[in-house]
Each structure stands twice: as C-alpha cells, then as structure tokens.
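Coordinate inspection notes
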Amino acid sequence: MQVNLSNYLTALLVLRIHARRNLNSAVFALFISLLLYGSAVSAAELHISEKQLPINLGQYLDYYEDSTLQLSIDDILAGAAHWQRSSQSIPTLGMSNSAHWFSINLSGEPLLGEDLVLSLNTPDLDKIEFYFIQNNAIVSQALAGDSIPFSQQKFPYRIPVIPFELADKGGQTRIFFRVTSSSGVEIPLRLSTISLLTAEQQSPLVFSGALIVLFLAFFCISLILYIYTREAQFQGITLFFAGALAFLMCQTGLGRILFWGESVETNNRLSLIAGAGIIASLCMIGRSLRFHHQYQDMANRVLRFLTYSMLPVALFFLLIPFQQLTAHMVVPLLLLALLVLIGVLFMATITAIQGSKAAMYLVSSWVLIILSYTTLLAYKFRLVERGASLQNAGEVIAILAGIFLLLSVVEFIRSQRDELNDVRHQTKAKGDFLKNVSREFLAPVHSILSNSKRLLAAQAANLDATAIQHIGSVIRQSDHLNNLINNVLEMAELESDSFELELELIEMSHFLNEIQTLMSPSASNKGLQLNTQFSASNLLVLSDKSRLQHILVILITNAITYTEKGSILLSYKAVYFQRRLGIEISIQDTGRGMSQAFQQQLFQEFAREEDQSEKQAPGTGLGLSIVKRMIEKLGGEITFESQKNTGSEFFIRLPLRTVNR
C-alpha cells in the first residue's frame, strides 16, 4: 500500500481556501485533512505490538482480481494493480477462476526476533505464493496450498503456515501474496507466533479429530448393518458417511497430515469425488424410502439416473488434468447436491406424513444437512462473510444431522423387527391353522383310502371293469391327497418355532446301505439299478438320522420317478464345507433331466415341470421345497446339476456336527 498523497494535498487546498472565511471552516477543513491523512497512513502500514498477537489481518488487506492470470510479482511492484480495501475480517471472494493478489505493510519494533508466522485457517486453497519485500527488494518467497507438496513448504502443516521476519528497526515489511483456488476464495489471514499458533490450534484439532472419529463410528455402524441386512437404505447411509468422512478429512486438512501429505492435488480431487459420492448416497437413500405418491416411479427413475451418473462424474474429477479444474465445474455439482437434498426432503416428508417414524428422523436429519450445506454455500457464493462461528455452526449442525440419520436407522431397524415379529406371528398362526385343518382332513381321507382298498379286495370278483376302474381312481386320488396333507403338515412343522432336531451319531456307510436296501425294490420295479459308491468309510456325522433319511428317500424317489432306464448312484465323500470338514452326499440319475427355465424355480412350492410329450408324473410339488428347508435346518445346503435328456445330480453338503438352532 502507498499513501494517497493526492487526497492529502486536496485537503490542504480546501483548508487554505476556507481559512480566510472563518475559524470554524478552517477547523473543519483541518479535521478532514487529518482524517484523510490518518486513513492514508493506516492504509499504508499496520504497526503491531506483541500484546496484539494473534491478530486477524483480513480487514487490513488490499486486494486485486487478476482475471487474466498473467500478472507477476514484477508487474505488481511496477504498479499494475488497482487495489481495493477489504471490508471483511475474513475476505470472502466466492467461486472464481481468477487469481487474487493481496497486499499489506507490517511494522513493529518490539517484535524483532520473534518467530512470526502468517497462517490461513483453511486447507482448501489450491496455491498461495507469498513475497516478502524489505527495502524495495524481495527478501524471501514461500509456497503453500493444496497442490503444493509438504516438501516444498517452509512449514508443513494441515493449513498454510508461513514463517517470516519483520524488517529491522524503523523499516517496513511489504507482503504480497497471490491466491488461486477452484473451490472458493476465503482468506482467514492471521498473524501470530509459533507458540501462540500451537496453543490456539489445539482446540480445533481436537474438535476436528473428534468429528472425524464420530463420523468413522457412524460409517462402521451403518456398514455392519448393511452387511448383515443388505437393505438399500443402509447401503445409501454407508456411502453417505464414507463420502462425508473423506470430505471432512479434506476440509479439515487432517487428511494431508495422516494420509496424502506429499501427494500433489489429492486434497481437491478427493473432496470433489467425495462430493459426487455424497450426491449418489442421497439419491440411494431417497430411492429406499417407502412413500406412496403418483410421481413415485418418476422420482425413483430420476434418482436412479443421478446415482449411476455420479460414477462418470467421479471418474472425470479423478482423470481430468488438475489445471483444467475450474470453479465453473464445481458450481453445478454444488447446485445439484442442493436440488437432490431438497427433492429427497420432499419425499421423506411425504413418507413421514404417511406414518413412518423412521422418515420423521430422516426429515430432521435432512433439514440439518441442508442448513449445514447452506453454511458452506453461503460463503462459497459470496453471500456472507466467512467466519469461524459460521464454520463451527456448520460442523455442529453436521454432527446433529449424523445423529438424526442414525436415529432414523435405529427406528427403521425397530420397525423392521416389529414387522418381522408380525410376520412370524402370522406365519405361526397360519402354520397352526394348517396343522389343525390338515389333521382334521387326515381322518376322513384315511377312512376313504382304507375302505376303498377293502372294498376292492373283497368285491373285486363281483365288480365289472368300470367299477374297478372307478374304485382304483378313488384309491389313487385319496393316496395323492393323503401325501399332500402330510407334506403340508411337514411344511408347517418346519416353519414352526417348535421344530427340534434329534441329533445322533450316524456312520454314513452303514446308513446309506440301509437307504439302498429300503429303496431298491422301487428301483427294481422300473428295471433300474440303485448303486452305492463310498470314497471314505467309517465317517461319523452328528445329525438327525430320521430327517436325513426322509431327505434321501424323497430325492431317490424323484430320481426313480423321472428315470425310465439306466441307473441311480448314491455316493458320499468328505469335503470342506463352511471352512470345516464336512460331507457331500450325491444322488445321480440317468433320467430326463430338467430344462433351464424349470431349474430357476426348482425349490419353489408346488413347482412342476410341464412336459406335453410325456405323461405327467405323480407328486405334490412340495417334496424338493421340504428337502431344501430341512437341509438348511440341518446346517447344510443343496445344489444340483442337470441337463435335459441326460440326467440330474443333486449334492447335499452337511457339517460333520449339526448344532440345534
């Protein structure tokens, strides 16, 4: 800064003209002269003492916007800049692609020998170039900012910190610095000493660290919930906290200290990628809301499109040359985030009105997120002055928003648990109803079946062919109904809370030989061979013998039913199952196999493959569904391989030791 001599001379001229008129006018003119001179001196120099430290220098700065990005320090010293005085304690210049020059003159005799530093309490300025001038010569230079590695900085720290020395007694230190930033220009310049800076940075560091730890805990909780539930809402919340955590690491500067200190450009790129991830997470949370509205499908389609579009946006910020990252690219992302926030808030409000308590917490969280976000936008777009109180308020609001978001998760889990309990009660009631009704049906069915068989046996000689055919049909249909009722009873038992396993040690070779003996007559009746093959012997398995026998009988019966010629192979071997030693039992046939379409619904209730070229095989369509559920109760799994007109093979894998659940 330089003293504005023209204003001073003008004031003296006014004093001379009016001195001849009256004394009051002279005094008035003298006052104006002194005022102008005083303002010129204050503009030219800031004289400070040790008692004033630390001191904010923002309101003492002159600034100049270089939209061409061409001015150098030589141009500035030659007088190419037309300075303006800052009116803010923290100059806030918003989103800009220009370079901004700042200037201040400092003096202070008592401060000679002090370890003075200039600090900018912001980690998101791309580049700051400092020039210190004494006696019309550049005595030192310094670089700082996001894009400058720590190895090139005089004092590497999470925020720009520049050490310097004041001029000798009676001299001035002229300071010029050039700022470029793609994410907004805010200059919280502060003059302090190393010791004072260390002391005053302790509280922000503790607060920032606690905030990051809190969001890390939120992220871990939501991640665990998503892993166990696979709910879309938890997936979105997990991504939100991940993005918010990365964004906080960038905005507080702790990421540079802990992770990517020497990595040029990383802070800005990561903050932009985190912003894209946060937008995607907001869309995912919106899509997971269960609200009913005439525009529900349209809103979900828009949110789905925005979710997937954030991936190329993140890749763009990752791959674009850093020099081409401009404020024009950041502004649409900021506005899009605000629009998504407002849209999802509208959807959450509708869901809350429709009676969802989880959505009520989500609405509260969304309102707080919008408030926190607007504190960021407010000074990014030069709407308000950036201040420490505004930044702290935004961080506190962000914490409250995170807490309400977790409360919505807790409420969602509680509602899901209540729904699950209701479903269990309904399932139990249906199961009890089925069991009671089925048992009532069994008595008359057994009576019809047994009486029909006795009638046919006693009166076969006295009946004609038509009557015998009708009685035979009654017997077959009664037998089918009997099997269906028994299967329904079995399904109800598997779904009931009273299902218990009766565990005992089973020697598999002997057990499968018993199954072969039991099922061989049925196979022989169709001209089939039922063979066994054991790759191990004397293998003991702790399981429910009667239910395992029932499983194998159903599978072998199906194999016999759908095999016209060839053989059936029953085998077992030791395998690793669920990272432990287990057993694999296989049933292989040479039957007609299954089509690809039917394989997709094989284990569904009442699933039957319709084949017009063949006679429909008897059965209820519940057998394989019962098998699958019973194997899962035994702690195992069932898989299969099948090819049309070639055959099928089923694999049952069980642990060597079944545990009652």
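For the structure itself, consult the block above.
How each quantity is defined
Residues numbered from 1 in each chain as written. Predicted model: local features only at pLDDT ≥ 70, side-chain atom pairs only at ≥ 80, totals over all residues. Heavy atoms only, no water. Helix = DSSP H or I, 4+ residues; strand = E, 2+ residues; numbered from the N terminus. Buried < 20%, exposed > 50% of the residue type's maximum accessible area, 1.4 Å probe, protein only. Areas by Shrake-Rupley, 256 points an atom, 1.4 Å probe, with all protein chains shown as cover. Core = buried A, V, L, I, M, F, W, Y, C linked by side-chain atoms within 4.5 Å. Contact = heavy atoms within 4.5 Å. Pairing = 2+ DSSP bridges. Axes fitted to C-alpha atoms, helices over the stretch in contact; angles between N-to-C directions. Polar contact = N/O pair within 3.5 Å; in protein donor to acceptor, adjacent residues only side chain to side chain. Parallel < 35°, antiparallel > 145°, perpendicular 65-115°, else oblique. Left-handed = near helix turned anticlockwise from the far one by under 90°. Nonpolar A, V, L, I, M, F, W, Y, C, P; charged D, E, K, R; others polar. Phe/Tyr/Trp six-rings, centres within 6.5 Å; stacked < 30°, edge-to-face > 60°. Expected span 1.5 Å × (residues − 1).

Considerations on the overall build of the protein chain
- Helix and strand counts for the protein chain come out as 17 helices and 20 strands.
- Across the 661 residues of the protein chain, 47% fall into the buried class.
- Working note: accessible area of the protein chain is about 34,100 Å², and carbon and sulfur atoms make up 58% of it.

Structural notes on the environment of R580
- Within the secondary structure layout, R580 lies in strand 18 (residues 580-589).
- For R580 and P655, which are 75 residues apart along the polypeptide, the C-alpha to C-alpha distance reads 7.5 Å.

Quick look at the nonpolar core
- In this structure, F240, F241 and W366 are the most contacted members of the largest nonpolar core, which totals 68 residues.
- Leave out the neighbours within four places in its chain, and F241 touches F215, F218, F219, S222, G402, L405 and L406.
- By size, the runner-up hydrophobic cluster in this structure holds 46 residues, among which are F499, L512, L530 and V541.

Details of the sheet that holds strand 10 (residues 161-164)
- Pairing is antiparallel in the open sheet, where 4 strands are placed in the order 2-13-7-10. Edge positions in the sheet fall to strand 2 (55-56) and strand 10, since each of these pairs with one other strand and no more.
- Looking at chain direction, strand 7 (residues 116-120) and strand 10 are connected through 4 bridges and run antiparallel. Its bridge partner being in strand 10, L116 is matched across the sheet by F164.

Remarks on the sheet that holds strand 19 (residues 637-643)
- In space, the 5 strands of this open sheet follow the order 15-17-18-20-19, with mixed pairing throughout. Since the sheet does not close on itself, it has two edges, and those belong to strand 15 (529-534) and strand 19, each with one partner. When the angles between neighbouring strand axes are averaged without regard to direction, this sheet yields 20°.
- As paired elements, strand 19 and strand 20 (residues 647-655) share 7 bridges and run antiparallel to each other. Note that in strand 20 the partner of E641 across the bridge is E649.
- On the sheet, helix 14 (residues 508-525) packs against strand 15, strand 17 (567-577) and strand 18 and is oriented at approximately 170° with respect to strand 15.
- Packing of helix 15 (residues 545-561) onto the sheet brings it into contact with strand 15, strand 17, strand 18, strand 19 and strand 20, and relative to strand 18 it is tilted by some 30°.

A short note on the pairing of strand 11 (residues 173-180)
- Burial within strand 11 is extensive, with 7 of its 8 residues counted as buried.
- Relative to strand 11, strand 6 (residues 99-107) runs antiparallel, the two being bridged by 7 bridges. Looking at the pairing, I104 lines up with I175 of strand 11.
- Sheet topology note: the strand 8 (residues 127-134)/strand 11 ladder contains 7 bridges and is antiparallel. In the strand pairing of strand 11, Y131 is matched with F176.

Remarks on the environment of K628
- The topology assignment puts K628 in helix 17 (residues 623-633).
- Its relative accessible area of 29% is what places K628 among the partly exposed residues.
- With 24 residues separating them in the primary sequence, K628 and I652 have C-alpha atoms 9.5 Å apart.
- Those residues within four positions of K628 in sequence are excluded, and the remaining contacts are F603 and I638.
- A distance of 2.6 Å separates the side chain of K628 from the side chain of E632, its partner in a polar contact.

A look at the packing of helix 5 (residues 202-229) against helix 6 (residues 232-252)
- It is at 8 Å that the axes of helix 5 and helix 6 come closest, and there the two elements cross at 160°. One element, helix 5, and the other, helix 6, form an angle in the roughly antiparallel class. For the pair helix 5 and helix 6, the crossing hand works out as left-handed. Each of S208, L211, I212, F215, L216, F218, F219, S222, L223, L225, Y226 and T229 in helix 5 lies in contact with helix 6, whose residues at this interface are F234, Q235, I237, T238, F241, A242, A244, L245, L248, M249 and T252.
- Residue classes in the contact of helix 5 with helix 6 are distributed as 17 nonpolar, 6 polar and no charged.

Overview of the packing of aromatic side chains
- Inspection of the entire model under this criterion finds 17 aromatic pairs.
- Between W101 and Y131, the aromatic rings sit 6.1 Å apart at their centres with planes inclined by 25°, giving stacked as the arrangement. Linking W101 in strand 6 with Y131 in strand 8, this pair joins segments that are 30 residues apart in sequence.
- We classify Y131 as buried; its relative accessible area is 9%.

As for the side chain of S208
- Mapping S208 onto the fold places it in helix 5.
- Taking the relative accessible area as the measure of exposure, S208 reaches 6% and is therefore buried.
- For S208, the residues in contact, after removing those within four places along its chain, are T252 and L254.

Some points on the side chain of Q201
- Mapping Q201 onto the fold places it in the loop between helix 4 (194-200) and helix 5.
- Discounting chain neighbours no more than four positions away, the residues touching Q201 are N121, Y157, R158 and I159.

Some remarks on unusual backbone geometry
- Residue P54 follows L53 across a cis peptide bond; omega there is -5°.
- Checked against the element boundaries, P54 lands in the loop between strand 1 (46-47) and strand 2.
- If you check the backbone angles, L69 has positive phi at about 60° while not being a glycine.
- Even without glycine at this site, N136 takes up a positive phi of about 60°.
- Inspection of the secondary structure puts N136 in the loop between strand 8 and strand 9 (137-144).

Section: helix 8 (residues 266-288)
- When the terminal C-alpha atoms of helix 8 are compared, their 32 Å separation across 23 residues agrees well with the 33 Å that a helix rising 1.5 Å per residue should span.
- Where burial is concerned, most of helix 8 is hidden: 20 out of the 23 residues are buried.

Notes on helix 15
- Under the 1.5 Å per step criterion, the end-to-end length of helix 15 is 24 Å for 17 residues, consistent within 8% with the ideal 24 Å.
- Turning to helix 15, its buried residues are R547, L548, I551, L552, I554, L555, I556, A559 and I560.

A short note on the pairing of strand 6
- Counting buried positions along strand 6 yields 9 of 9 residues, so the element is predominantly enclosed.
- Burial along strand 6 is two-sided: A99, W101, S103, N105 and S107 facing one way and H100, F102, I104 and L106 facing the other are all buried.
- Relative to strand 6, strand 1 runs parallel, the two sharing 2 bridges. The residue bridging L46 from the neighbouring strand is L106, located in strand 6.
- Bridge count for strand 3 (residues 62-66) against strand 6 is 5 bridges, and the pairing is antiparallel. From the neighbouring strand, Y63 faces strand 6, where its bridge partner is F102.

Quick look at the packing of helix 15 against helix 17
- Following both chains from N to C, one finds helix 15 and helix 17 inclined at 150°, their axes separated by 10 Å at the closest point. As for how helix 15 packs across helix 17, the hand of that crossing is left-handed. In contact with R547, H550, I551, I554, L555 and N558 of helix 15, helix 17 contributes G623, L624, V627, M630 and I631.
- The class makeup of the residues in the contact of helix 15 with helix 17 is 7 nonpolar, 3 polar and 1 charged.

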